[in-house]
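Each chain is listed here by its residues.
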Amino acid sequence: MKVCKFGGTSLADAGQMQKVCSMVEADPQRRIVVVSAPGKRSSTDTKVTDLLIRCGEDVLAGKDGQAARRAVVERFESIERDLGLSSDISRAMDADLSQRQAADRTHRGRYLDALKAAGEDYSARIFAAALTKRGHNATYVNPKDAGMWLSDEFGNARLLPESNAQLARLRDHEGIVVFPGFFGYTRSGSIVTFSRGGSDITGSILAAAVRADIYENFTDVDSVFAADPRLVSGAAAIQEMTYREMRELAYAGFSVLHDEAIIPAFHAGIPICIRNTNRPEAPGTMIVPAHRNMRARVVGIASDAGFCTIYLSKYLMNREIGFGRRVLQMLEEEKLSYEHSPSGIDNMSVILKESGFSAEAEKRVLQRLSGELGVDDAGVERGLALVMIVGEGMRYAVGMAAKATAALAQAGVNIEMMNQGSSEISMMFGVKAADRQQAVRALYQAFFEGRGAAS
Ligand code: ASP
C-alpha cells in the first residue's frame, strides 16, 4: 500500500486535479491520498493558503474580509466548474468561511489556523468528488474523524503520539481515502495547523501509521537537486539519499520536503520518494535508511539567508561553570529559539533566525549579557547566510574541510564561522548573505565538478 501526497501546484486548477486523478488511477496501491490547498497557477498567482490568511488578517484589522473570501471561493468554484462538478462544495465553503471569519478572535493563532486549514479541507472534498465522478470509490476523511490529534501550538503543531493507533485504522478503509493535509485537531476540539508546507508532515504521519510500503511525495520538480538550481544552474539530480541527509538539507534550506516530514517515515522505516506530478516518468529521488553505495561523499549543498549571530566574550569563560547554560536560559526567557552555538575558550556565538529577533529584543539581550552575566564584550551581526555541505560518506573521507575552505578562499568568500563535528554528516559555514550564491557555487564546483570526489 502506498500513501501519496500531492502539493499545491499539483492541485492548482482542474487540469492539474485531473492529472492527479490519473496518477492515482495508474496504481491501485495508491490508497491514501493527502492533498494540499491549491497553489500558484503561475508565478504571479497567489496560493489559496495565503488568501485564507488574508481572510483572517483583514477581519483582525477591522475590515469585513469579504474580498479575500470571494477570491478563495472563486478559486474553488472555477475548479469545481472545470471538473464538471456541481457547485455544492464551494457554496458550502462560502458559508463555512464566513462562520470561521466570525469566530472568536481572542486567540490570534487559533483564529488564523481555522481559516488556513480550510484550503486543504475543501481541496480534499473536491478531489474526492472528482475521483468519484470518474467512477472510483473515494471518500473524503476528516482528520477529526480519523483521530489526528495535535498539540495546541497554533501554526506549529506536533502530532500527539496517541493518534497513531487510531490513524492506523485507515489501512482497513475501503476504496481510496482522500485526506486533507496540514491540519488536525487539539484535544479540546480546535483546528490547528502544522507550520507552513505541513501537508508533507501529514503524509509522512499517515504513511507511518498505516505501515505503508512507500510514501510518495509528488511535487513540481523532477527530484531533489544537489544544490538549489536557482543558485547553481544545471545542478545534478540526487537519485538516493538517507533520511538524515534529507533532514539536514531540508533544515538548511532545501524546500522540496518539509524538514519535519522525515522523522515519522524514518521511525517506521518507510522509504520516501519525491516525484514530479508533471513528469511521472522521471525516477525522482529515493530517501532511504542507508546508502547502498557509500561512495557518495557529499550529496548536497544547502543554504539559507536570514540569520544573525550574537557574539560574546568573557575572559576565563572556560572556568565559569554554567555560563553557557545561563546565556541560553536568557534566550529562553526572551522566547528566542537558537540554531547553533559554537564556542571557544573565552568566546561564544549564538546563531538565531533574524526574523524572530527584533531590535528591542537585541537591545535587551545585550544589556542583560553585560549586566547579569558580566561579559566583556557582546554584539550582534546581522545579514548572515548559512551554507551546509551534507553527506553520510563525509564521515569516512579525509580532507573534506580543507577542500571546502580552499574552495571558499579561492572564490574570495570570507568564512565568518564554521561548525564541523556537531553533526558527523555535515559541515556548516556562516558567510555574509551577499556571498551566499558565490559560496554555494564554489562548493558545488569543488565537490561535484572537481576531480570526482563527490560522486
Ligand atoms: N497549504 C499549506 C501551505 O501553503 C500547506 C502545504 O501546502 O503543505 O503552507
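Residues numbered from 1 in each chain as written. Predicted model: local features only at pLDDT ≥ 70, side-chain atom pairs only at ≥ 80, totals over all residues. Heavy atoms only, no water.

Asker: Would you mind showing me how to read the pattern of salt bridges here?
Answerer: Opposite charge on two side chains lets them pair, provided their charged atoms get close. Tallied over the entire structure, the rule returns 40 salt bridges. Across the pair glutamate 57 and arginine 108 runs a salt bridge whose closest N-O atoms are separated by 3.1 Å. Taken as a pair, glutamate 57 in helix H2 (residues 48-60) and arginine 108 in helix H5 (residues 108-133) lie far apart in primary sequence, 51 residues in all. A relative accessible area of 46% means that arginine 108 is categorised as partly exposed. (Salt bridge = Lys/Arg side-chain N within 4 Å of Asp/Glu carboxyl O. Helix = DSSP H or I, 4+ residues; strand = E, 2+ residues; numbered from the N terminus. Buried < 20%, exposed > 50% of the residue type's maximum accessible area, 1.4 Å probe, protein only.)

Asker: Mind showing me how you'd approach the packing of helix H13 (residues 400-410) against helix H14 (residues 436-448) here?
Answerer: The geometry of a pair of packed helices is captured by two quantities: the angle between their axes and the separation between those axes. With their axes 8 Å apart at the nearest point, H13 and H14 run at an angle of 130° to one another. Taken as axis vectors, H13 and H14 run oblique relative to one another. Where H13 crosses over H14, the handedness of that crossing is right-handed. Between H13, through Met400, Lys403, Ala404, Ala407 and Leu408, and H14, the contact on the second element is made entirely by Ala439, Ala442, Leu443, Ala446 and Phe447. Here the residues of the contact of H13 with H14 are counted per class, giving nine nonpolar, no polar and one charged. (Axes fitted to C-alpha atoms, helices over the stretch in contact; angles between N-to-C directions. Parallel < 35°, antiparallel > 145°, perpendicular 65-115°, else oblique. Left-handed = near helix turned anticlockwise from the far one by under 90°. Contact = heavy atoms within 4.5 Å. Nonpolar A, V, L, I, M, F, W, Y, C, P; charged D, E, K, R; others polar.)

Asker: What should I look at first to understand unusual backbone geometry in this one?
Answerer: Most of the time, phi is negative for any residue but glycine, and the peptide bond is trans. One non-glycine residue with positive phi stands out, namely arginine 211, at about 55°. Topologically, arginine 211 is positioned in the loop between helix H8 (199-209) and strand S7 (214-219). In the Ramachandran plot, lysine 335 falls in the positive-phi region, its phi being about 60° despite a non-glycine side chain. Mapped onto the elements, lysine 335 comes out in the loop between helix H11 (323-333) and strand S14 (338-340).

Asker: I tried to follow the pairing of strand S15 (residues 347-353) on my own but got confused; where do I start?
Answerer: Each regular strand displays side chains that alternate between the two surfaces of the sheet. Most of S15 sits inside the fold, with five of its seven residues counted as buried. Bridge analysis of S14 against S15 gives two bridges, and the strand direction is antiparallel. Paired with histidine 340 across the strands is isoleucine 351, a residue of S15. Where S14 hands over to S15, the hairpin turn is made up of six residues, counted between the paired strands. (Pairing = 2+ DSSP bridges.)

Asker: Got a minute to help me understand the layout of surface pockets in this structure?
Answerer: Where empty space is left becomes clear once a probe the size of a water molecule has been rolled over the atoms. There is about 1400 Å³ of room inside the largest pocket. Residue lining of the largest pocket: 46 residues in total, with Gly197, Asp200, Ser255, Val256 and Leu257 positioned closest to the centre. Listing elements by their share of the lining of the largest pocket, those giving two or more residues are H2, H8, S7, strand S8 (224-225) and helix H9 (243-251). It is H9 that contributes the most residues to the lining of the largest pocket, three residues altogether. (1 Å grid on protein atoms, 1.4 Å probe; cavity = no way out; pocket = protein on both sides within 12 Å on 5 of 7 lines; lining within 4 Å. Points joined across faces, edges and corners; volume = space filled by probe spheres on them.)

Asker: How do you make sense of helix H12 (residues 359-371) when you look at a structure like this?
Answerer: In an α-helix, one turn spans 3.6 residues, which is why side chains three or four residues apart end up on the same side. Here H12 spans 18 Å end to end across 13 residues, near enough to the 18 Å set by a 1.5 Å rise per residue. Residues of H12 that are buried: Ala361, Val365, Arg368 and Leu369. Projected down its long axis, H12 carries its buried residues within an arc of 100°, all on one side. Among the exposed residues of H12, those oriented more than 90 degrees off its buried face are Ala359, Glu360, Lys363 and Gly371. (Expected span 1.5 Å × (residues − 1). Arc of directions from axis to C-beta.)

Asker: Whenever I open this one, the pairing of strand S17 (residues 417-420) confuses me. Can you help?
Answerer: Residues Met417 and Asn419 point to one face of S17 and are all buried, whereas Met418 and Gln420, pointing to the other face, are not buried. Sheet topology note: the S17/strand S18 (residues 426-432) ladder contains four bridges and is antiparallel. Its bridge partner being in S18, asparagine 419 is matched across the sheet by methionine 428. Linking S17 back to S18 in an antiparallel pair, the connection comprises five residues, with glycine 421 at a positive phi of about 115°.

Asker: Help me out: how do you make sense of the nonpolar core in this one?
Answerer: Among soluble globular proteins, nonpolar side chains are generally buried collectively. Formed by 79 residues in total, the largest nonpolar core has its most connected members in Val3, Leu170, Phe179, Leu206, Met246, Ile389 and Leu443. Here this core gets seven residues from one element, more than from any other, and that element is strand S16 (residues 377-390). Setting aside chain neighbours within four positions, we find isoleucine 389 in contact with Val298, Gly300, Ile301, Met394, Ala404, Ile425, Ser426, Met427, Phe429, Leu443 and Phe447. Grouped together as the second largest cluster of nonpolar side chains are 43 residues, Leu52, Leu97, Ala124 and Ala128 included. (Core = buried A, V, L, I, M, F, W, Y, C linked by side-chain atoms within 4.5 Å.)

Asker: In this structure, what is going on with the packing of aromatic side chains? I would like to understand it.
Answerer: How two aromatic rings sit relative to each other is set out by the distance from centre to centre and by the angle between their planes. Taken as a whole and judged by the stated rule, the model has four aromatic pairs. Consider the rings of phenylalanine 6 and phenylalanine 218, whose centres lie 4.6 Å apart with planes at 10°: the pair is stacked. Taken as a pair, phenylalanine 6 in strand S1 (residues 2-6) and phenylalanine 218 in strand S7 lie far apart in primary sequence, 212 residues in all. Assigned by exposure class, phenylalanine 6 and phenylalanine 218 land together as buried. Between tyrosine 444 and phenylalanine 448 the ring centres are 4.8 Å apart and the planes differ by 10°, which places this aromatic pair in the stacked class. Pair noted here: tyrosine 444 and phenylalanine 448 are both in helix H14, with a separation of four residues, about one helical turn. Here phenylalanine 448 falls in the partly exposed class, since its relative accessible area comes to 24%. Across from the ring centre of tyrosine 122, 5.3 Å away, lies the NZ or CZ of arginine 125, which sits over that ring. (Phe/Tyr/Trp six-rings, centres within 6.5 Å; stacked < 30°, edge-to-face > 60°. Lys NZ or Arg CZ within 6 Å of the ring centre and 35° of its normal.)

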